[in-house]
Amino acid sequence: MLDALRVLRDTASGVDLPADVARNASLDIERLSGLLKPYLVADTLQAAGRTPGIGGRAHALLPMVHVDEADDNRLVGHVTFGRYYLGGFGAAHGGAIPLMFDEIMGRLSNAVGRPMARTAYLNVNFRAITPIDVRLRVEVRHDREEGRKRFLTAALYDGETVTADATALFITLKPGQR
Ligand SMILES: CCCCCCCC/C=C\CCCCCCCC(=O)SCCNC(=O)CCNC(=O)[C@H](O)C(C)(C)COP(=O)(O)OP(=O)(O)OC[C@H]1O[C@@H](n2cnc3c(N)ncnc32)[C@H](O)[C@@H]1OP(=O)(O)O
């Protein structure tokens, strides 16, 4: 369903509709929302964002990163920003890129049984335009740990061009910390 929703998001973002088509589409989308509403649950029970086996953790907001290779301290994957993430002039929105980095760096930070950590900072450099609808490579490294602090770096590539890179600090949560 979330895959279909992603397609809808990209399609809806890319069209310019006559009023009657827009009205009919609105009615259909409202009908679908009505179909799902009886199944709303507490956020601790919802599937979205809590289903690691499904692409993008089944989180509808996230650009979907496909992991190609990973070990304890390194991850290589690919991502394509669809039309939904367009900022302008063929480039991905400058907010979508940190979103993608936070997720995939967080995933490596929390991998291989490392205790859950939260992002304390995420610094992103936009080095070149990040094109939409192009398969991009993302590389993440877990560089070092100092007590509760985990330092990670990442880069996003269009071919050989680094379009953005990031440094992040994740802090391990203390027992019982919310
Ligand atoms: C049934 C199935 C369920 C499945 C579930 C699926 C799981 C999937 C698994 C995995 C995928 C996950 C992917 C997610 C990725 C996304 C992650 C996010 O976006 S997290 C949200 C955004 N971040 C926040 O909202 C943080 C808000 N801030 C805080 O909560 C606190 O500030 C926190 C925890 C970060 C630190 O607070 P303190 O009180 O615990 O610790 P203090 O003492 O302040 O800091 C510890 C050390 O770190 C330094 N520090 C803290 N913040 C710093 C900063 N911003 N810059 C530099 N240093 C900092 C401090 O100076 C201190 O250093 P000194 O020990 O003194 O050397």
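Residues numbered from 1 in each chain as written. Predicted model: local features only at pLDDT ≥ 70, side-chain atom pairs only at ≥ 80, totals over all residues.

The chain carries the name Acyl-coenzyme A thioesterase THEM4 in an unreviewed UniProt entry, which gives Parafrankia soli as its organism.

A few words now on the site of the ligand. Among the 19 residues in the neighbourhood of the ligand, the closest are listed as R50, G106, N110, A120 and I171. Breaking the shell around the ligand down by element, the ones donating at least two residues are α3 (96-109), β5 (117-126) and β8 (161-172). (Near = placed C-beta within 6 Å. Helix = DSSP H or I, 4+ residues; strand = E, 2+ residues; numbered from the N terminus.)

Quick look at the nonpolar core now. One finds I104, M105, V138, V140 and A154 to be the most contacted residues of the largest nonpolar core, which totals 27 residues. The biggest single contributor to this core is α3, with seven residues. Dropping the residues within four chain positions of it, M105 is found in contact with V140, L152, A154, A166 and A168. (Core = buried A, V, L, I, M, F, W, Y, C linked by C-beta atoms within 7 Å. Buried ≥ 20, exposed ≤ 12 C-beta atoms within 10 Å, placed from the backbone. Contact = placed C-beta atoms within 7 Å.)

Here we come to the environment of F126. In this structure, F126 sits in strand β5. Taking the C-alpha atoms as reference points, F126 and D165, 39 residues apart in sequence, are found 6.9 Å from one another. The contact partners of F126, leaving out residues within four places of it in the chain, are G94 and A164.

A separate point is the domain arrangement of the chain. According to the domain assignment, the chain consists of domain 1 (2-39) and domain 2 (62-172). Each of domain 1 and domain 2 has a C-alpha centre, and the two are 29 Å apart. In this complex, domain 1 contributes five residues to the contact, which on the side of domain 2 involves four residues. (Domains from an automatic or database assignment.)

We now examine the pairing of strand β6 (residues 136-146). Examined bridge by bridge, strand β2 (residues 74-79) and β6 share six bridges and lie antiparallel to one another. Counterpart to V79 in the pairing with β6 is L136. As judged from the nine bridges shared by β6 and strand β7 (residues 149-158), these two strands associate in the antiparallel manner. Each bridged residue has a counterpart across the sheet, and for V138 the counterpart in β7 is L156. Hairpin connection between β6 and β7: a loop of two residues separates the two successive antiparallel strands, and G147 in this loop has a positive phi of roughly 60 degrees. (Pairing = 2+ DSSP bridges.)

This part is about the sheet that holds β8. As summarised here, the arrangement of the six strands in space is β1-β2-β6-β7-β8-β5, forming an open sheet in which the pairing is antiparallel. In this open sheet, the two strands that pair with only one neighbour each are β1 (65-70) and β5. Strand-to-strand twist in this sheet, taken as the mean axis angle between neighbours without regard to direction, amounts to 25 degrees. As defined by bridge partners, β7 adjoins β8 across 10 bridges and the pair is classed as antiparallel. The partner of F151 across the bridge, within β8, is L169. Along the sheet, α3 makes contact with β1, β2, β5, β6, β7 and β8, crossing β5 at roughly 135 degrees. (Axes fitted to C-alpha atoms, helices over the stretch in contact; angles between N-to-C directions.)

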